Amino acid sequence: MARLELAQFYVANQFAYEAIGVLSVLESDLRADDLRKKTRLTRSIADTLAARPADAMAILSSANFSDEVDALMWRTMVRTDLGDFVGARTDALSSEGVIESYPIWIRSRFLLSGARAAIETQDFPMALRYLDEVEFAHLDPEQVTVYHLLQGRISEGENRITEALDTYGQVIAADIRPTRAEAVYRTLLLLDRAKRVDLAKATETLSAEIMLWRGNALEADMQKLLAELYFRHKDYRLGFETVKEAVAYYPENRSINALLAQAQDVFSDLYLNGRADELEPIDALSLYYDFRHLTPPGNRGDEMIRNLARRLVKVDLLTQAADLLEYQIDSRLKGVAQAQIAADLAVIRIAARDPEAALRILNRTRLADLSPQLERQRRILEARALIDAGRQEIAIDLLSRVTGKDADLLRVDGYWKSKNYTAASELLEMMLSPGQNNAPLETSQRMNVIKAAVGFALAGDKLALSRVRSKFSEQMAQTPEWAMFDFVTGDVTPTSIEFRKVAREISGLDSLNAFLESYRQVYATSDQVAPARAAAPAAA
């Protein structure tokens, strides 16, 4: 009994932790049932004062205290601390008749808690009534700021915005936490609703305030507002980081779950609707990799990755685009879709001058019964990668049943690298022979005419050289390449220094860009991923 009286003395003098210590010893030695209920009630009060609302609620919600008006009064404060404002309001109305028998400091806590619960449940008359009953002169400095904060909340609820902002300003000036943090939050919320908020200043202010106040539902609300402001200010990385932190700390919070859904919408808008084009390519890529867990499942997510890869290809970040598509193939795709994206990846690897990587991805995603178009597309890419990897004989064999200009250009490259100059030149001559309209040749075509002539010269086929000169002289006569054509198709000695110089120049022409142009013409689509040009050759 003496220990219980000591604990009650500590509680009466607001020494909550000392009371908890005494009660813990008492509960371990307690034998009399008649003291158990008083001990548990005293313990719940001590837990309430010690800011342990969950522990207090476990006691006060038990059947032993369901009809205890005094327990309901204390439960009002506990439920308010736990954010159960509906329950707190009900308990407050049921127990308000007993508060006159309690000391002023307890009455003040009850009235402020009841007012808070009333405000959160939109019962502003009840909140005003409770605040009117508070004896302001007996409030401590922190309670004074709570009182002003609640006044501001009532003004806000009654749409007296200027008055609310002035009241929140008083709370902020007092600089007592957590009321300052909530006042800052409510101020920014009101300014935002009134479209008067400066996004840069608001995010700076709110982020600093969050660093100083952590640990309850208020922080979750502040992080939600901060993320929304970051997104509107286009500070996407900071916005996503704020969401990630909020979800980690408050996974069960409804407003945070809504914020996560909003973040996913922003992420989708960036990479599906082109908003990411406002960012630098590297920034867009790093942002995607850091927050790719926000990628939606299914076709929308796959299209998002494809859009980003297309953007990277346009600015010649081929390796980064290829790595992104490889992640998609490894993590998200199966079957025909995987084989199609593998073709996109292969052409990027080829353009990046990494034929072995192109061959690996084509072999790894090989699939039977593909559509004829996709099968041909993959065969063309495999042949090009084989030629670039020095396995041109296999490439020529692979193309044996493939027709088309793009396939013929690959055969030319394969024959030339195999030093089968006659076959390469004959194929070029056939491809470039003038039709009935004798249309002018483009630069690449004129260089291929000269390449055919060089090939016949290297093969020692003077009759073929004469035929090329006769067939193409008219089209070449008025072009910048005429002098070279005239020299190669004339009485040339293949072992001469001049001819060798021309042969080296022709052999050194990079056929990869011509392949990419031909590939894009054949497989052009609205969502083209194929690069327009190849990466620069590595320095020798």
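Before any of the text, the structure's been laid out above.
Residues numbered from 1 in each chain as written. Predicted model: local features only at pLDDT ≥ 70, side-chain atom pairs only at ≥ 80, totals over all residues. Heavy atoms only, no water.

Here we come to the overall build of the protein chain. Secondary structure assignment for the protein chain yields 29 helices and zero strands. For a compact globule of 540 residues, the expected C-alpha radius of gyration is about 24 Å, and the protein chain comes in at 40 Å, more than 25% above that figure. Dimensions of the protein chain, computed from the C-alpha atoms along their principal axes, are close to 125 × 55 × 40 Å. For the protein chain, long-range pairs separated by at least 24 residues make up 58% of all intrachain contacts whose partners lie at least 6 apart in sequence. Per element, the accessible surface of the protein chain, about 26,500 Å² overall, is 51% carbon and sulfur. Measuring between centres, the 66 positive side-chain charges of the protein chain sit 6 Å from its 78 negative side-chain charges. (Helix = DSSP H or I, 4+ residues; strand = E, 2+ residues; numbered from the N terminus. Rg over C-alpha atoms; globule rule 2.2 N^0.38 Å. Contact = heavy atoms within 4.5 Å. Areas by Shrake-Rupley, 256 points an atom, 1.4 Å probe, with all protein chains shown as cover. Lys, Arg positive; Asp, Glu negative; His and termini not counted. Charge placed at Lys NZ, Arg CZ, Asp CG, Glu CD.)

Look at helix α24 (residues 421–432): 16 Å from first C-alpha to last across 12 residues, which is about the 16 Å you get at 1.5 Å a residue. Here α24 has its buried residues at Tyr421, Ala423, Ala424, Ser425, Leu427, Leu428, Glu429 and Leu432. Along its buried surface, α24 packs onto α23 (405–417), α25 (443–459) and α26 (462–476). (Expected span 1.5 Å × (residues − 1). Buried < 20%, exposed > 50% of the residue type's maximum accessible area, 1.4 Å probe, protein only.)

All right, on to the packing of helix α19 (residues 335–351) against helix α29 (residues 512–522) then. Between α19 and α29, whose axes approach to 10 Å, the crossing angle comes to 155 degrees. For the element pair α19 / α29, the angle class is roughly antiparallel. Of the two possible hands of crossing, α19 and α29 adopt the one that is left-handed. Listed contacts from α29 to Ala343, Val347, Ile350 and Ala351 of α19 are Leu512, Phe515, Leu516 and Tyr519. Classifying every residue of the contact of α19 with α29 by side-chain character gives eight nonpolar, no polar and no charged. (Axes fitted to C-alpha atoms, helices over the stretch in contact; angles between N-to-C directions. Parallel < 35°, antiparallel > 145°, perpendicular 65-115°, else oblique. Left-handed = near helix turned anticlockwise from the far one by under 90°. Nonpolar A, V, L, I, M, F, W, Y, C, P; charged D, E, K, R; others polar.)

Considering the arrangement of structural elements, one finds Asp413 in helix α23. Given a relative accessible area of 10%, Asp413 falls into the buried group. In this structure the side chain of Asp413 is engaged in a polar contact, spanning 3.1 Å, whose partner is the side chain of Ser511. Beyond its immediate chain neighbours, meaning those up to four positions away, Asp413 contacts Arg384, Ile387, Lys451 and Ser511. (Polar contact = N/O pair within 3.5 Å; in protein donor to acceptor, adjacent residues only side chain to side chain.)

Attention now moves to helix α10 (residues 161–174). Spanning 14 residues, α10 covers 20 Å between terminal C-alpha atoms, matching the ideal 20 Å at 1.5 Å per step. Count one or two residues on from α10 and you reach Asp175, which has phi positive near 55 degrees.

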